[in-house]
Amino acid sequence: MQSILKELGQVTAVIGAQWGDEGKGKITDILGQYFSIMARACSGANAGHTIVVNGQKYVFRLLPAGSLHQNVSIVLGAGMVIHLPTLLQEIAQLEQHGFPIIHRLKISAAAHVVLDAHQAMDAAIEEQRGSSSIGTTKRGIGPAYMDKAARRGLRIGDLDHPDCRTKLAATAAFMQKAFGVTMDIDTELRHIMDALRVIGSCVISDVSEELLCAHAKKQSIIIEGAQAALLDIDHGTYPYVTSSATTSAGALQGLGLPPMILNSCIGVAKAYCTRVGAGEFPSEDHGEAGERLRKRGGEFGSVTGRPRRCGWFSIPDVRRTARMNGCTMINLTKLDVLDTEHTIPVVSSVAKDGTANYTEFPGWNASTSGMKTWDSLPPNARHYIESIEREIGVPIRLIGTGPGRDDMIVRAA
Ligand code: IMP
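Residues numbered from 1 in each chain as written. Predicted model: local features only at pLDDT ≥ 70, side-chain atom pairs only at ≥ 80, totals over all residues. Heavy atoms only, no water.

## Considerations on empty space enclosed by the protein
Thinking step 1. A complete count under the given rule lists three cavities of 30 Å³ or more for this structure.
Thinking step 2. Looking at the largest cavity, its volume works out to about 80 Å³.
Thinking step 3. Around the largest cavity sit 14 residues that line it, and Cys-42, Gly-225, Ala-226, Ala-245 and Thr-246 are the ones nearest its centre.
Thinking step 4. Among the elements that line the lining of the largest cavity, the one with the most residues is strand β2 (residues 37-43), at four residues.
Thinking step 5. Roughly 40 Å³ of internal volume is contained in the second largest cavity.
Thinking step 6. Looking at the second largest cavity, the residues that line it are His-83, Leu-84, Pro-85, Val-113, Val-114, Leu-115, Asp-116, Glu-188, His-191 and Ile-192.
Thinking step 7. Residue assignment for the lining of the second largest cavity shows that the elements contributing at least two residues are α3 (84-96), β7 (112-114) and α7 (185-199).
Thinking step 8. Ranked by residues supplied to the lining of the second largest cavity, first place goes to α7 with three residues.
Thinking step 9. Considering only residue class, the lining of the second largest cavity consists of six nonpolar, two polar and two charged. (1 Å grid on protein atoms, 1.4 Å probe; cavity = no way out; pocket = protein on both sides within 12 Å on 5 of 7 lines; lining within 4 Å. Points joined across faces, edges and corners; volume = space filled by probe spheres on them. Helix = DSSP H or I, 4+ residues; strand = E, 2+ residues; numbered from the N terminus. Nonpolar A, V, L, I, M, F, W, Y, C, P; charged D, E, K, R; others polar.)

## Notes on the pattern of salt bridges
Thinking step 1. Applying the stated criterion across every chain yields a total of 19 salt bridges.
Thinking step 2. Between Lys-270 and Glu-299 there is a salt bridge, with its nearest N and O atoms 2.9 Å apart. Of this pair, Lys-270 sits in strand β10 (residues 264-270) while Glu-299 is found in the loop between α10 (288-297) and β12 (309-311), placing the two residues 29 residues apart along the sequence. Each member of the pair, Lys-270 as well as Glu-299, carries the same accessibility label: buried.
Thinking step 3. Notably, a salt bridge pairs Glu-299 with Lys-334, separated by 3.0 Å at the nearest N-O pair. Of this pair, Glu-299 sits in the loop between α10 and β12 while Lys-334 sits in the loop between β13 (329-333) and β14 (343-350); the two residues are 35 residues apart in sequence, bridging distant segments of the chain.
Thinking step 4. A residue is classified by how much of its surface remains accessible, and Lys-334, at 23% relative accessible area, is partly exposed.
Thinking step 5. Each of Asp-21, Lys-270, Glu-299, Arg-308 and Lys-334 takes part in one network of salt bridges that share partners. (Salt bridge = Lys/Arg side-chain N within 4 Å of Asp/Glu carboxyl O. Buried < 20%, exposed > 50% of the residue type's maximum accessible area, 1.4 Å probe, protein only.)

Here it is in structure tokens:
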């Protein structure tokens with residue numbers, strides 16, 4: 001890992017290179033022990049990073065997955081939308097398992113609040129969309145960003161303000177009129193009071209200043225992206241995207257950091273591909289192979305439990321997202337899920353009508369589960385990885401071979 005750390009430098013970002021659920025949580029958890037600060041920049045509890053440590057499963061929604069490392073400071077950026085009860089629950093669960101959070105947590109006052117009413121609105125809007133619904137996580141993300149963009153959102157820094165109730169009442173009136181959604185103002189206020197008691201001391205006025213000062217003191221920062229580049233509001237498969245900027249540039253914006261600060265960027269991509277929710281997915285496999293990937297990969301949403309759509313790795317997609325994010329290395333995850341495939345299709349190009357053209361690779365029909373060295377991989381697995389790497393033009397330096405922290409191959413440059 002030392003050679004990788006040298007390449008990563010003082011500030012790195014971990015960004016999803018497909019449609020999410022690539023396994024960003026695992027690499028940020030592994031790297032967490034070497035970094036001083038772990039920051040989340042955008043989005044909210046639509047994210048779900050699952051980490052398995054000593055057989056115990058932890059699901060992170062709002063806190064970065066690296067939060068299990070006790071020495072790491074945790075920062076939630078201005079670009080985030082935060083559902084307060086979910087955050088309190090997550091903190092309480094981690095603290096119960098012996099991971100104290102509050103004393104090392106900093107939350108931007110400029111982050112926005114996701115109300116219960118936003119979640120109800122998310123569900124109502126999805127219902128209105130009928131057969132063209134996006135398949136959102138119904139966590140209220142889109143509606144919270146709608147309020148933010150309309151400049152009537154409630155921010156973390158507003159929570160202890162005397163006119164908080166007035167602000168909520170105005171939003172409630174709008175929601176009722178426009179969407180027929182009733183806000184329970186007293187319940188929302190109770191959530192706010194509960195949150196202020198627990199996280200009131202964690203609120204900071206300027207996340208940018210905070211991180212830049214730490215940077216000047218030579219502290220290292222890892223930025224954990226949420227969702228993934230193909231779900232980006234500007235550059236993803238619109239309208240089947242999330243409501244925030246999910247790229248490395250979006251992450252820097254969410255934290256108020258200048259682009260030149262980033263020393264490296266890890267693009268995370270599965271050795272195959274999955275997607276939850278609606279939208280294009282040219283390499284989706286509707287047959288037995290797709291079912292096999294779902295079963296072997298445990299491809300069920302960690303937030304919603306929905307079965308994920310499964311298919312094959314797409315070179316054009318990952319080449320594009322790696323370039324867009326400035327990825328300096330790729331972490332290819334869940335290689336072991338492909339262990340039983342006889343042949344492995346990979347998308348080489350996509351026709352104008354959306355049909356995928358494939359190159360087929362021979363499978364390796366052997367277990368790679370838990371492997372830790374490049375040389376121990378079957379020749380066909382190495383061939384698969386090297387071929388993908390050549391086509392996307394970014395080195396695949398980290399290869400996931402199982403769910404555990406140690407199930408990772410670190411490949412020399
Ligand atoms: P929203 O972010 O809940 O509004 O959902 C918009 C789209 O992004 C839907 O297709 C979701 O399934 C997808 N999405 C949101 N968060 C994640 C994630 O963490 N992993 C995978 N897909 C996600």
